[in-house]
Each structure stands twice: as C-alpha cells, then as structure tokens.
Amino acid sequence: MQRSLLRTTCWTRQLGVGRLSTSSAALSNTFFLHNTQWLPPGYEGTKYRPRSLQKGTHPALAVPEPPLKAFRNIDTLSTRRLLNVYAQLSKARLTVLVMLTSMSAVALSPLPTTVPILLSTAIGTALCSASANTLNQLQEVPFDAQMARTRSRPLVRRAITPLHGAAVALATGIAGPALLWYMVNPVTAMLGAGNIVLYAGVYTWMKRKSIYNTWVGSVVGAIPPLMGWTACGGKLLPSSDYPVQFFLPDFLTTNPLPLDISLVDNPLSPFALFMLLYSWQFPHFNALSYLVRDSYAQAGYTMLSVTNSAKNALVSLRHAALLVPVCSVLVPLSGLTTWAFALTSLIPNLIYVRAAWRFYKHGGEKNARSVFQHSLWYLPVMMGLMMFHKQGMDWLKWLGLAGDEEQDKEENEAVVVASQ
Ligand SMILES: CC(C)=CCC/C(C)=C/CC/C(C)=C/COP(=O)(O)OP(=O)(O)O
C-alpha cells in the first residue's frame, strides 16, 4: 500500500496534480468516490482535477471497496441518538419549513378547517418530507461524503445501515400519505406521495444529469402549500363549480365580487401560492449553490452555479423580479389578500430584487451570501404580510380592539324596540 501510494503521488505529480491543500484533512479516514473510483486515504487533500484525473486509471486508484469503518450497531445507539439520526435523515429544519409552508396555505384559505385536519395535515406533510429526504440521502452517500456541508450525514458517517435508512423511508413514506388519505383527503395524500417521487426519484437523479434539476426542485418546494390548500377542501383546477375569479381593486370595478366563501375558494389562489414558493427558491438556492460550487463540482453535480455562474445569477434575478407581479398582481387578483398587499409587498420585494441585481451585476461570494440571507427572512415576512392582508380578515375585531358592528346594530335595534 505504501508503495502504491508513493507511485500514485509520482503519477499525480506527472499530471500536475501534486500534493495539495490539507483543507479536507477532516476526511482523513474517509474514502471518496471520483469518476466511479474510490480514492484512498491520503488523497482526500488532493485538489480535484477532473480533466487530468480522467486521463487514466492508475492501479493505485482502482480500489474496489473502501474499507470504511463498520456500521454502528443499532443497539449501541441510545434512543436520543437514534431520534437525532432520524431528524438528520429527514433534514429536520427543511422538513419544518415544508410543514410551515403547508400550514400557511391552511391559514390563508378562506375555507374553515378542524383541529384534527390541521394536525393531520402538518404531521402527514412532515412524514412525506422525512421519507423524501431519507430516500434522497440513501442515494447520495458517495457524493455527500465529498462535501463538507453533507459529510457528517448519518448514512455517510455510518451511524446506521442503509437497510435501516430504507426502513425509515418506507415507514414514513407509507405513514404520511396514509394519514393524509384517511384523516384529510385523497387529493392531499396523492400530492404528498407524488412529491416524494418527484424529489427522491426525479430531482435527486437529475442533480447529476442536468442543470434543470433546480427547476424540478422548485416545483417540489412549491407543492406543500398546495397540500395545505387542498387539505381545507380547496380546489386546484377550475371547473364549472369553481371557476377562476378575478378580484379587481374596488376602484376598477363598479360591481366588486361579494366575499362569499365559495367565490374566495378560487383555483387562482393555490396557483398564486405555488408561484410565490416556486420563484422564491431560485434566488435562495442559486445563491447557496454558488457558495458551495466547488463542492458541487467535486462531487460531480451538474449545477448551473458550476457550469455557468453568470447564468446562475441571471436566473436568480429573473425570479426575484417575477416575485413583484406575483405579489402585487396575482396574489390580490386571486382574492387571497386585499389589494393593500400589492403595495406593502413591494418593500420586501424591492429589497430582494436589489440583492439579486447586485449578485447578477457583480457576482462574488459576498453578494451571493447577501441574496441567501435575504431569502431567509423574505418568506416569513411575505407570509406574515399575506396573513395581515388576508381577504375578509378584520384584525381589530379579531384582537378584540374593535366592536362587532353586527352585534352593535342588533343591540341598538333591541334598545329601540324595547323603548317603544
Ligand atoms: C411533502 C413533501 C414530500 C415535501 C418534500 C419537500 C422537499 C424535500 C423539498 C426540498 C426542495 C429541494 C429542492 C431541496 C434541495 O435538495 P438537495 O438534495 O439539493 O439538498 P442537499 O444538497 O442538501 O442534499
């Protein structure tokens, strides 16, 4: 082994690879996959040189099986550690965000719901997301092992076996859609199951095949609000019962639509929510992707940030700009919010566009980090504003700060009748 390592060092020197940085020293006992070859310890610090390394396969590189450390025995994991592993498999923070986006559609829906439906939707969505994320990690072990950001994931560090991981994916992948099917409704369950397939089947595979994976990934992220919408009984597609309704501002119409609940249950509303989540993800993801582009390149992912970073920033700018008409036209037009949202949403939107513009114009990690940071507050702020301007919502009354006009009228009439 010593000898073959020595030979490999000479060989890599000949190719101009040489001994390079020790920035990946943490990998010291981890083999990593490179062009279907597992590279042995000692080469983890070797800077990735795709072209030169593709020139040939040195015998020392052709290590068939990496002698990785043994899988942890499930018995040696305490319950707390096991739960922690499950949380990591489900990418807990992402799953919470997914659940919140689904819940925000429930909150924005004009249709009433019940506590059991609300809880089942939240738990069912979280289980579907946990399954999708576990399936994603099961497929990406060799690639995750090469990136600092993902190197400590449970399957990579062999905290549990792939079989155990597959059992978790299967259990959550059955429990989530089943809960949604029986406690909520079949449409919501099918959206959840379909999204598992889209993320774990299509998106995960596309990450290594085509830059268009990001477009598919954005659809995945935009489906949970649709699940919240359908959970309340909202429709997704127009029909004669649920035609598309356009809520024009009062000054444009002499005959504003009555805020009848069947009218507010409008197929344009879930489309508006979908578009908000879809477009938001491009600046968010493309900025992050730019920051970790070296890892993506090393792991062999086909990302726009790697192949064409200028286009990557342009796509991010385009979608940040698209959010302006989505929020200032589509959302109020759908009846989800009043037209005041068209104005108030302009402030966060212009801040987001400005950050995306700087990233496009000047590039660089500082601007990418700025876009990413803006994307983190953008979504909760926008959802909060939408709730504030929700159509038909009287916050003063809800907070008990204003009298109930109907009740006041009835009381006044009763006083008049009594005094007669
Ligand atoms: C209801 C249901 C099934 C919801 C699924 C929601 C979900 C998993 C959204 C993730 C969206 C996305 C493209 C994330 C990036 O994954 P990545 O693989 O690029 O991330 P990584 O590099 O950190 O692994």
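Per an unreviewed UniProt entry, the chain goes by the name Protoheme IX farnesyltransferase, mitochondrial and belongs to Ephemerocybe angulata. Per its UniProt entry, the chain bears the Function (unreviewed entry) comment "Converts protoheme IX and farnesyl diphosphate to heme O." Listed under Subcellular location (unreviewed entry) in UniProt, the entry text for the chain is "Mitochondrion membrane".

Caption draft 1: Inspection of the UniProt feature "transmembrane region" (unreviewed entry) in the chain at higher detail. The positions that UniProt labels "transmembrane region" (unreviewed entry) are, in the present scheme, residues 159-181, 187-205, 212-231, 271-292 and 313-333. Helix makes up 100% of residues 187-205 and strand 0%, and the two end C-alpha atoms of the span are 26 Å apart. For residues 271-292, helix accounts for 95% and strand for 0%, while the C-alpha atoms at its two ends are 32 Å apart.

Caption draft 2: Layout of the side chain of threonine 204. Structurally, threonine 204 can be placed in helix α8 (residues 186-206). A residue is classified by how much of its surface remains accessible, and threonine 204, at 0% relative accessible area, is buried. Apart from the residues lying within four places of it in its own chain, the contact partners of threonine 204 are Asn136, Gln139, Glu140 and Tyr199.

Caption draft 3: Representation of the packing of aromatic side chains in the model. Per the stated rule, a full pass over the model turns up eleven aromatic pairs. Where tyrosine 290 meets phenylalanine 359, the ring centres are 5.4 Å apart and the plane angle is 75 degrees; that geometry is what we call edge-to-face. With tyrosine 290 in helix α11 (residues 268-291) and phenylalanine 359 in helix α16 (residues 346-362), this residue pair connects regions lying 69 residues apart in the sequence. Classification of tyrosine 290 by relative accessible area gives buried; the value is 11%. Among the aromatic side chains, those forming a connected cluster through ring pairs are Tyr212, Trp215, Phe274, Tyr278 and Phe282. Lysine 207 extends its terminal NZ or CZ atom over the ring of tyrosine 301, reaching a point 4.6 Å from the ring centre.

Caption draft 4: Structural context of the pattern of salt bridges. Evaluated as defined, the whole model comprises four salt bridges. In this structure, the salt-bridge partner of arginine 293 is glutamate 365, at a minimum N-O distance of 3.2 Å. Taken as a pair, arginine 293 in helix α12 (residues 293-299) and glutamate 365 in helix α17 (residues 365-388) lie far apart in primary sequence, 72 residues in all. By relative accessible area, which is 36% here, glutamate 365 ends up partly exposed. Residues joined by salt bridges that share partners form a network here, namely Arg293, Glu365 and Arg369.

Caption draft 5: View of the environment of proline 270. For proline 270, the location among the structural elements is in helix α11. Residue proline 270 is classed as buried on the basis of its relative accessible area, which comes to 1%. It is 8.7 Å that separates the C-alpha atoms of proline 270 and threonine 230, two residues lying 40 residues apart in sequence. Discounting residues that sit within four places of it in the chain, proline 270 has contacts with Leu226, Trp229, Lys235 and Leu236.

Caption draft 6: Up close: the site of the ligand. Taken together, 20 residues surround the ligand, and among them Arg149, Arg153, Tyr199, Tyr203 and Lys207 come closest. A distance of 2.6 Å separates an oxygen atom of the ligand from a polar atom in the side chain of tyrosine 203. Compared with its free state, where it exposes 640 Å², the ligand has 92% of that area covered by protein. Of all elements in the fold, only α4 (92-108), α5 (115-139), α8 and α9 (213-231) reach the threshold of two or more residues within the shell around the ligand. Classifying every residue of the shell around the ligand gives nine nonpolar, six polar and five charged.

What counts as what
Residues numbered from 1 in each chain as written. Predicted model: local features only at pLDDT ≥ 70, side-chain atom pairs only at ≥ 80, totals over all residues. Heavy atoms only, no water. UniProt positions renumbered as here; feature names shortened; annotations may be inferred. Helix = DSSP H or I, 4+ residues; strand = E, 2+ residues; numbered from the N terminus. Buried < 20%, exposed > 50% of the residue type's maximum accessible area, 1.4 Å probe, protein only. Contact = heavy atoms within 4.5 Å. Phe/Tyr/Trp six-rings, centres within 6.5 Å; stacked < 30°, edge-to-face > 60°. Lys NZ or Arg CZ within 6 Å of the ring centre and 35° of its normal. Salt bridge = Lys/Arg side-chain N within 4 Å of Asp/Glu carboxyl O. Near = heavy atom within 4 Å. Polar contact = N/O pair within 3.5 Å; in protein donor to acceptor, adjacent residues only side chain to side chain. Areas by Shrake-Rupley, 256 points an atom, 1.4 Å probe, with all protein chains shown as cover. Nonpolar A, V, L, I, M, F, W, Y, C, P; charged D, E, K, R; others polar.

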